[in-house]
Amino acid sequence: MCDKRLCACERKVHPGFMNPFDDRVKALDEAYENYSKVESRSLLKKYLTRDVFNMLKSRLTNTESSLMDVIQSGLKNLDSNVGVYAPDQHAYSVFAPLFNPVIEEYHSGFTPEDVHPPLNWGDPDKLGNLDPEGEFIISTRIRCARSVNGYPLNPTMTKSHYQELEAKVQQILNALEGELKGNYYSLIKMDKITQQRLIDDHFLFKEGDRFLEAANANRFWPVASKQI
């Protein structure tokens, strides 16, 4: 879900369209016909009605992402809770008739008109020592996830996209100094002992998530893996 105050997705987006006789449209028609005959409790099943499907099946984003890129994981995994993945930033707008109700239900009433509250990181000096006796807190982690402007999202990223993005991020991280300086781990160069330690510490995800795989988000593992 995008922050409308900060994200380029909020800019006016005009979808492209495929020819109705395009093989991709035919594949979507066939897939939806099969999907309409099966049971699923996913939000995809709930909100991808026939009318919504017909409205969206020919649409393309600016990176040529189609409705199939959005729904393919949910089509394959009938036990999905949600069943949709955004293949790029503009998919939220191009496929809004599907994404909007899914997001609203999943995030308990967050409508297309809502925005995130103003950023407030608080005053760390007022937190104090939350565990002065060392009885409860073993470790602490802060996770910040961001997409990068100029690149699509996982389902439609190419191998070269991942390699370019890693090189840019690694260059920036290696330039940090002082308390921000750390160690950069690339899975493709990582030994098995270090890999298992990071998995055990919940820093590194394992390959094999069938939902991500069906969304084409794991196509280039380990090149397109989580770096630490």
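Because the structure is predicted, anything quoted here is derived from the model rather than measured.

Peer 1: Would you mind going over the packing of helix H1 (residues 23–35) against helix H4 (residues 67–76) with me for this structure?
Peer 2: Helix packing geometry: the angle between the two helix axes and the distance between the axes. Relative to each other, H1 and H4 sit at 30°, their axes nearing to 11 Å. Here H4 runs roughly parallel to H1, going by the angle between their axes. The two elements H1 and H4 cross, and the hand of that crossing is left-handed. Taken together, the residues of H4 that come into contact with H1 (itself represented by Ala27, Leu28, Ala31 and Tyr35) are Leu67, Met68, Ile71, Gly74 and Leu75. A per-class count over the contact of H1 with H4 returns eight nonpolar, one polar and no charged.

Peer 1: Explain the side chain of Lys57 here, please?
Peer 2: Its place among the elements puts Lys57 in the loop between helix H3 (50–56) and strand S2 (59–60). Among the polar contacts made by the side chain of Lys57, one reaches the side chain of Asp29 at a distance of 3.0 Å. The contacts of Lys57, once residues within four sequence positions are left out, are Met18, Val25, Leu28, Asp29 and Leu67.

Peer 1: In this structure, what is going on with the packing of aromatic side chains? I would like to understand it.
Peer 2: Counted according to the given criterion, the structure contains three aromatic pairs. Taking NZ or CZ as reference, Lys45 lies 4.7 Å from the ring centre of Tyr35, over its face.

Peer 1: What should I look at first to understand the UniProt feature "domain: Phosphagen kinase N-terminal" (unreviewed entry) in the protein in this one?
Peer 2: Mapped onto this numbering, the UniProt entry gives "domain: Phosphagen kinase N-terminal" (unreviewed entry) at residues 24–108. Along residues 24–108 the backbone is 58% helical and 2% strand, and the end-to-end C-alpha distance reaches 34 Å.

Parameters and conventions
- Residues numbered from 1 in each chain as written.
- Predicted model: local features only at pLDDT ≥ 70, side-chain atom pairs only at ≥ 80, totals over all residues.
- Heavy atoms only, no water.
- Axes fitted to C-alpha atoms, helices over the stretch in contact; angles between N-to-C directions.
- Helix = DSSP H or I, 4+ residues; strand = E, 2+ residues; numbered from the N terminus.
- Parallel < 35°, antiparallel > 145°, perpendicular 65-115°, else oblique.
- Left-handed = near helix turned anticlockwise from the far one by under 90°.
- Contact = heavy atoms within 4.5 Å.
- Nonpolar A, V, L, I, M, F, W, Y, C, P; charged D, E, K, R; others polar.
- Polar contact = N/O pair within 3.5 Å; in protein donor to acceptor, adjacent residues only side chain to side chain.
- Phe/Tyr/Trp six-rings, centres within 6.5 Å; stacked < 30°, edge-to-face > 60°.
- Lys NZ or Arg CZ within 6 Å of the ring centre and 35° of its normal.
- UniProt positions renumbered as here; feature names shortened; annotations may be inferred.

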